[in-house]
Amino acid sequence: MKKFILLIFIPIFLLAYKVDIHKWGNKDTFYGFLKQNSLPLSIYYNLPPKIKRYVRAIPRGESVFILKDNNIIKQALIPINSKQQLQIIKTEKGYVTKIVPIVYETVTKHVSTEINNYLSYDLYKATKLRSLASKLAYIFSDRINFRAIPKNTKIDIVYKEKIKFGEVKDVKILFAKISNKQYNISAFLNPYDGRYYDSRGKSLKGMFLAAPLRYKRISSRFGMRFHPILHKWRMHDGIDYVNRIGTPIHAVADGKVIFRGWIRGYGRTVKIRHKNGYITMYAHLHGYPRGIYVGRWVTQGQTIGYLGNSGLSTGPHLHFAVMRYGKWINPVRLKNSVKVTLYGKQRKKFLAYIQNFTKENSIALK
Ligand SMILES: [Zn+2]
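- Looking at the protein chain in UniProt, the text filed under Cofactor (unreviewed entry) is "Zn(2+)".

Concerning the coordination of the zinc ion
Octahedral metal centres with six donors ideally show angles of 90 or 180 degrees, and tetrahedral centres with four donors ideally show 109.5 degrees.
Part 1 of the reasoning: Looking at the zinc ion, one finds its protein donor set to be His236 (NE2), Asp240 (OD) and His319 (ND1), positioned 2.0 to 2.2 Å from the metal centre.
Part 2 of the reasoning: If you list the donors of the zinc ion from N- to C-terminus, the spacing comes out as H-x3-D-x78-H. In this pair, the class of His236 matches that of Asp240, namely buried.

So, the nonpolar core
Part 1 of the reasoning: Grouped together as the largest cluster of nonpolar side chains are 34 residues, with contacts concentrated most on Leu119, Leu132, Leu136, Phe140, Ile157 and Ile173.
Part 2 of the reasoning: Only strand E7 (105-115), helix H4 (119-127), helix H5 (132-140), strand E8 (153-164), strand E9 (167-179), strand E10 (184-189), strand E11 (196-197) and helix H6 (344-360) provide two or more residues apiece to this core.
Part 3 of the reasoning: Per element, the largest residue contribution to this core is six residues, and it comes from E9.
Part 4 of the reasoning: The contacts of Leu136, once residues within four sequence positions are left out, are Leu119, Leu123, Phe146, Ile155, Ile157, Ile173, Ala176 and Ile178.
Part 5 of the reasoning: In terms of nonpolar packing, the next biggest core, distinct from the first, is built from 26 residues, Ala211, Leu213, Leu318 and Val322 among them.

Regarding H5
Part 1 of the reasoning: Within H5 the residues assigned to the buried category are Leu132, Ala133, Leu136, Ile139 and Phe140. Viewed end-on, H5 has its buried residues packed into an arc of 125°, placing them on one side of the element.
Part 2 of the reasoning: Looking at the buried residues of H5, the elements they touch are H4, E8, E9, E10, E11 and strand E12 (202-206).

Focus: the packing of aromatic side chains
Part 1 of the reasoning: The tally for this structure, following the rule as stated, stands at 16 aromatic pairs.
Part 2 of the reasoning: Plain terms: the ring middles of Phe30 and Phe33 are 6.4 Å apart, the flat faces sit at 25° to each other, and that makes the pair stacked. Taken together, the residues span about one helical turn, with Phe30 and Phe33 both in helix H1 (residues 30-36) at a distance of three residues.
Part 3 of the reasoning: Overall, the relative accessible area of 4% leaves Phe33 in the buried class.
Part 4 of the reasoning: Ring geometry for Phe175 against Phe188: centres 4.9 Å apart, planes inclined by 45°, an arrangement best described as tilted.

What to know about the UniProt feature "domain: Csd3 N-terminal" (unreviewed entry) in the protein chain
Part 1 of the reasoning: What UniProt calls "domain: Csd3 N-terminal" (unreviewed entry) maps, in this numbering, to residues 23-102.
Part 2 of the reasoning: Structurally, residues 23-102 is divided into 22% helix and 40% strand, and its ends, taken at the C-alpha atoms, are 16 Å apart.

Some words on the pairing of strand E16 (residues 239-242)
Part 1 of the reasoning: Covered by surrounding structure in E16 are Ile239 and Tyr241 together with Asp240 and Val242, the residues of both alternating faces.
Part 2 of the reasoning: Where strand E13 (residues 217-220) lies against E16, three bridges are found, and the strand directions are antiparallel. Paired with Arg217 across the bridge in E16 is Val242.
Part 3 of the reasoning: Bridge count between E16 and strand E23 (residues 317-324): four bridges; the pairing is antiparallel. Across the sheet, the residue bridging to Ile239 is Phe320, located in E23.

What counts, and where the lines are drawn
Residues numbered from 1 in each chain as written. Predicted model: local features only at pLDDT ≥ 70, side-chain atom pairs only at ≥ 80, totals over all residues. Heavy atoms only, no water. UniProt positions renumbered as here; feature names shortened; annotations may be inferred. Donors = N, O, S within 2.8 Å, 3.2 Å for Na, K, Ca; no water. Buried < 20%, exposed > 50% of the residue type's maximum accessible area, 1.4 Å probe, protein only. Core = buried A, V, L, I, M, F, W, Y, C linked by side-chain atoms within 4.5 Å. Helix = DSSP H or I, 4+ residues; strand = E, 2+ residues; numbered from the N terminus. Contact = heavy atoms within 4.5 Å. Arc of directions from axis to C-beta. Phe/Tyr/Trp six-rings, centres within 6.5 Å; stacked < 30°, edge-to-face > 60°. Pairing = 2+ DSSP bridges.

Shown next, in the form of structure tokens:
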């Protein structure tokens, strides 16, 4: 447990108070936390069932804020998800609890570096952030092959850090430019729709992702095949992607979840309806993340399930299928088939935004 005494930024009347930031460890439990700090166990029993479920699953490494006066807890803040925290306050009538929003500090930073070794290694060296490289690779994945990136490739990134108790909790890329002798590609986060576009308003990704997951290999393509379990010739109306159980599966496009459940043969399945008459289906799943249910809107790249082996399946894989106007189509045909370009009012708003943004952050586009 880290302990420090705040002297400078806290008003005079708080001088006798002490602030602890406790890092939630592997063996920590909410019940144990109450006991250790001589807090009444009724705090736990009186929580609504949903909050109880949250506090029983506080992730390791979360920071719990504790304010003490002569070793008596005056206030504690316990994060229950990325947006909310449980506040425990001592009042004259005893301890009361409340759910309050988490307040983050945000800092915008600019990094400019060259790729000499690996993208992830060089970016980590320059920023000390582990997640930046994968976020960058995701933005440019339809345009750049990061496995064969030329020497002396320059990377510029403007990103926003979300900070809590001095720790970076999340990072968002606002702008990125990748340039070398062969190409010069820029990406701006459009604040109006959350997608990345180049400086002319052309989306860096098509309406559909090239694949709904990172996979090791494709074990079966779209078309007629001899079925490995049924031992009959059958139409295989999707693509089978092989990887480990638990690999995150992403929605290939924005859309609405229209099915989540068990289908005979397919096992655990998610179906999403998209614009222009498309439906995508993800089958043989191991499970679903919290918040994926029928009626829910999802965005391109959002995790909607985990790779599994449920239903009629010979090994862990994802069966990915695409339907258009009621007919199965070859998912390969989706790849970059529908480009997203901003038009009219949306384009005007976006161009005004990036003009302002490039000036504010002194970015040179060429
Ligand atoms: Zn299949």
